[in-house]
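One letter stands for each residue in the lines below.
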Amino acid sequence: SQQGEEDPQALSIQEGENATMNCSYKTSINNLQWYRQNSGRGLVHLILIRSNEREKHSGRLRVTLDTSKKSSSLLITASRAADTASYFCATDLNSGYSTLTFGKGTMLLVSP
Amino acid sequence: ETGVTQTPRHLVMGMTNKKSLKCEQHLGHNAMYWYKQSAKKPLELMFVYSLEERVENNSVPSRFSPECPNSSHLFLHLHTLQPEDSALYLCASSRHWTANEKLFFGSGTQLSVL
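Summary of the structure given here. Quick caveat: nothing in here was measured; it's all calculated off a predicted structure. (Residues numbered from 1 in each chain as written. Chains lettered and ligands numbered in written order. Predicted model: local features only at pLDDT ≥ 70, side-chain atom pairs only at ≥ 80, totals over all residues. Heavy atoms only, no water.)

## Focus: the side chain of Gln25(B)
Residues and elements named next belong to chain B.
Then step 1. The topology assignment puts Gln25 in strand 3 (residues 18-25).
Then step 2. In terms of polar contacts, Gln25 uses its side chain to reach the backbone amide nitrogen of Leu27, at 3.0 Å.
Then step 3. In terms of polar contacts, Gln25 uses its side chain to reach the backbone carbonyl oxygen of His29, at 2.8 Å.
Then step 4. Those residues in contact with Gln25 that sit more than four places away from it in its chain are Gly3, Val4, Met32, Ser71, Ser72 and Ser93. (Helix = DSSP H or I, 4+ residues; strand = E, 2+ residues; numbered from the N terminus. Polar contact = N/O pair within 3.5 Å; in protein donor to acceptor, adjacent residues only side chain to side chain. Contact = heavy atoms within 4.5 Å.)

## As for the sheet that holds strand 1 (residues 5-7) of chain A
Working definition: the strands of a sheet are paired by backbone hydrogen bonds and lie parallel or antiparallel to each other.
Residues and elements named next belong to chain A.
Then step 1. Pairing in this open sheet of 5 strands is antiparallel, and the strands run 1-3-8-7-6 from one edge to the other. What marks the edges here is a single partner per strand, and that holds for strand 1 and strand 6 (55-58). Adjacent strand axes in the sheet meet at a mean angle of 20 degrees when their direction is disregarded.
Then step 2. Sheet topology note: the strand 3 (residues 19-24)/strand 8 (residues 71-76) ladder contains 6 bridges and is antiparallel. Within strand 8, the residue paired with Cys23 across the bridge is Ser72. (Pairing = 2+ DSSP bridges. Axes fitted to C-alpha atoms, helices over the stretch in contact; angles between N-to-C directions.)

Structural data, given as structure tokens:
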């Protein structure tokens, strides 16, 4: 069954604006990861947040995790046209092994 | 570049053909994965190899046959596929098959089954 589910499915913004994507999941997790995929290419890891962490930053990216609500958000600040891509959250179940389960993704379009 | 190379980038095959997808990682990782990405569906984990041993097989039809001859190479052998098998097949690797590891993906093979 699908573990992570992103919202919205698609997001269209102007350059310079902030983009926020959300991810909800159903069961206890070890960590949650965000990946980016340019059209027809492989996924690129952006950030990993562990279940005991609440917030992480990486450059223009900010990820939050609320385990009580089983949700995470990815904020991209001051977006650029090059940020146009699909963004996926992936949850790693609390099993001791890597069992990443991906959502369907949010397609972000940043217009110049 | 992510350090994970997949070939070919595109593949068109008939339902009676036999073909193989190849993945090579130059990262010294011990775990390798095959994922399937179909339109409008989440990525589906197909197989996991840890230290060249298959540790996960997620109810994948037998027309898909993985092979991991060493920790740097992973193959997916295809035979008598169906049109619904058309998808982007992604290979990934991680340092170990343990929690809190991030995956490094190849660019994928776009497969079309006619």
